[in-house]
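A closer look at the structure
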Amino acid sequence: MRIPLLAGNWKMYKTVTEAVEFVRGLKEALAGVQGVEVAVCPPFTALHAVTRELEGSNIVLGAQNMHHAEEGAYTGEISPVMLKEIGCRYVILGHSERRQYFGESDEDVNAKVKAALKHGLVPIVCVGERLEEREAGHTERVVGAQVRRSLAGLSSAELAGLVVAYEPVWAIGTGRTASPEDAQQVNAFIRCLLAEMGGQEAARQVRIQYGGSVKPENAAELLGQPDIDGALVGGASLKVDSFAAIVRAALRE
Ligand SMILES: O=C(CO)COP(=O)(O)O
């Protein structure tokens, strides 16, 4: 059975002080919660303080990006080795904001995915279509190409162990969520594609999240879909109450 992963992508929000305060509250709110996995992905500056605050808790740490090289003359970048040492389990790769504002291509994402796996980090690989692509009926073509290219050259075991996040670009930060049926359809499509790439067993194991305006009000219905194995949450992950409510919505009785 796939354990749902609820991950908070804080983006460029929260100072170290705010991050520590948030995590203290979240630990309290989620004490004793079982059957789901919860991750927070703070900005790089807060990773160290947050990792210490998470010790002994049931919440794990993720980062929002990384460089593919282990080290080198790459001013301003962070390597997988650094993330691993600091205690990250997950790293978000290929988020649409990275693709849109920082020019990341599927090939860049693929290099990062391979580097993350090599260093024992679990990539959360983001894919999703833009509004005009959806309206033109190209969702599966666009998402399919992103999945194929971003995850090219991986073994079945590697595919089985990573996380894909389907995040339609038009639903991110807009308050406009994909309907549970639309999200389910794309997630199921991604799973079929992964079966072609890595076999049925890998496809059965891989977790595929949905992301884009997930809120306490819509979380249960989205997370109740058979191919939605958790959520990548932006805005609603910044408040303890709303993120904890989304986590609770994922609890399958
Ligand atoms: O981009 C997202 C998570 O990675 C989604 O952001 P929102 O939940 O704010 O729409």
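Residues numbered from 1 in each chain as written. Predicted model: local features only at pLDDT ≥ 70, side-chain atom pairs only at ≥ 80, totals over all residues.

1. Here's the deal with the overall build of the protein chain
Defined as follows: Runs of H or I in DSSP of at least four residues are treated as helices and runs of E of at least two as strands, each being numbered from the N terminus. In this treatment the radius of gyration is a C-alpha quantity, and the globule benchmark scales as 2.2 Å times the residue count to the 0.38 power. The burial criterion counts other C-beta atoms lying within 10 Å of a residue's C-beta, which is placed from the backbone; the residue is buried at 20 or more, exposed at 12 or fewer, and partly exposed between these limits. Placing C-beta atoms from the backbone, we regard two residues as in contact once those atoms come within 7 Å.
A tally of regular secondary structure across the protein chain gives 12 helices and 8 strands. Relative to a compact globule of 253 residues, whose C-alpha radius of gyration would be 18 Å, the protein chain shows 17 Å and is just as compact. Here the C-alpha coordinates of the protein chain stretch approximately 45 × 45 × 35 Å along the principal axes. Residues classed as buried in the protein chain amount to 45% of the 253 residues present. The long-range fraction of contacts in the protein chain, counting pairs at least 24 apart against all pairs at least 6 apart in sequence, stands at 70%.

2. Considering the sheet that holds strand E4 (residues 88-93)
Filter applied, for reference: Any two strands are treated as partners once DSSP identifies two or more bridges connecting them. For helices, the axis comes from a line fit to the C-alpha atoms of the stretch in contact; other axes are also lines fit to C-alpha atoms, and the angle between any two N-to-C directions lies between 0 and 180 degrees.
In space, the 8 strands of this closed barrel follow the order E1-E2-E3-E4-E5-E6-E7-E8, with parallel pairing throughout. Sheet twist, expressed as the average angle between the axes of neighbouring strands with direction ignored, equals 25°. Relative to strand E7 (residues 207-211), strand E6 (residues 163-166) runs parallel, the two sharing 4 bridges. Residue Tyr166 lies in a different strand from E7, and its bridge partner there is Tyr210.

3. Digging into helix H5 (residues 106-118)
Think of an α-helix as 3.6 residues a turn; residues three or four steps apart then line up on the same face. Going by this rule: The length a helix should cover is 1.5 Å for every residue beyond the first.
Compared with the 18 Å implied by 1.5 Å per residue over 13 residues, the 18 Å span of H5 between its first and last C-alpha is a close match. Regarding H5, the residues found buried are Asp106, Val109, Asn110, Lys112, Val113, Ala115 and Ala116. Tucked into the core, H5 has its buried residues touching helix H3 (80-86), E4, strand E5 (122-127) and helix H7 (139-150). Once H5 finishes, Gly120 follows within two positions and takes phi at roughly 75°, a positive value.

4. Here we look at the packing of H5 against H7
Under the convention used in this document: With respect to orientation, any angle under 35 degrees is reported as roughly parallel, any angle over 145 as roughly antiparallel, any angle of 65 to 115 as roughly perpendicular, and every other angle as oblique. Handedness of a crossing follows from how the near helix is turned relative to the far one, being left-handed for an anticlockwise turn of less than a right angle and right-handed for a clockwise one. Residue type decides the class: Asp, Glu, Lys and Arg count as charged, Ala, Val, Leu, Ile, Met, Phe, Trp, Tyr, Cys and Pro as nonpolar, and the leftover types, Gly among them, as polar.
Taken N-terminus to C-terminus, the directions of H5 and H7 make an angle of 40°; their axes are 8 Å apart at the nearest point. If you check the angle between H5 and H7, you find them oblique. Note that H5 runs across H7; the crossing there is right-handed. When H5 is examined against H7, the residues Asp106, Glu107, Val109, Asn110 and Val113 are found in contact with a partner set consisting of Gln146, Arg149 and Ser150. Its residues assigned to classes, the contact of H5 with H7 shows 2 nonpolar, 3 polar and 3 charged.

5. Things to note about the nonpolar core
Applied cut-off: Each nonpolar core reported here comprises buried Ala, Val, Leu, Ile, Met, Phe, Trp, Tyr and Cys residues connected via C-beta atoms within 7 Å.
Of all hydrophobic cores here, the largest spans 72 residues; its most connected members are Val91, Ile124, Val125, Val164, Tyr166, Ala231 and Ile246. Here Val125 is in contact with Leu93, Gly94, Val109, Val113, Ser150, Leu151, Leu162, Val164 and Ala165, once residues within four sequence places are set aside.

6. Description of the UniProt feature "active site" (unreviewed entry) in the protein chain
Inclusion rule: UniProt positions are given in the numbering used here, feature names are shortened, and annotations may be inferred rather than shown by experiment.
Mapped onto the present numbering, the UniProt feature "active site" (unreviewed entry) falls at His95 and Glu167. Considering the C-alpha atoms alone, the annotated residues occupy 73 residues of sequence yet fold into one spot, their largest mutual distance being 8.4 Å. Following the sequence through the fold, His95 ends up in the loop between E4 and helix H4 (96-101). Residue classification places His95 among the buried residues on the basis of 28 C-beta atoms within 10 Å. Along the polypeptide, Glu167 turns up in the loop between E6 and helix H9 (180-198). Residue Glu167 is classed as buried on the basis of its C-beta count, with 28 C-beta atoms lying within 10 Å.

7. Quick notes on the packing of helix H1 (residues 16-30) against helix H12 (residues 240-249)
Each pair of packed helices gets described by two things: the angle between the helix axes and the distance between those axes. At a closest axis distance of 10 Å, the pairing of H1 and H12 adopts a crossing angle of 35°. Regarding H1 and H12, the two cross each other, and that crossing is right-handed. Residues Phe22, Gly25, Leu26, Ala29 and Leu30 of H1 form the contact with H12, whose participating residues are Val240, Phe243, Ala244 and Val247. Classifying every residue of the contact of H1 with H12 by side-chain character gives 8 nonpolar, 1 polar and no charged.

8. Considering the environment of Thr139
The topology assignment puts Thr139 in helix H7. Expressed as a C-alpha distance, the spacing of Thr139 and Ser179, which sit 40 residues apart in the sequence, is 14 Å. Residue contacts for Thr139: discarding those within four places in its chain leaves Glu129, Glu133, Arg134 and Val186.

9. Some thoughts on the environment of Ala183
Within the fold, Ala183 resides in helix H9. Measuring from C-alpha to C-alpha, the distance between Ala183 and Gln225 comes to 8.5 Å, with 42 residues separating the pair along the chain. Each residue touching Ala183, except ones within four places of it in the same chain, is listed here: Tyr166, Ala178, Tyr210, Leu222, Gln225 and Ile228.

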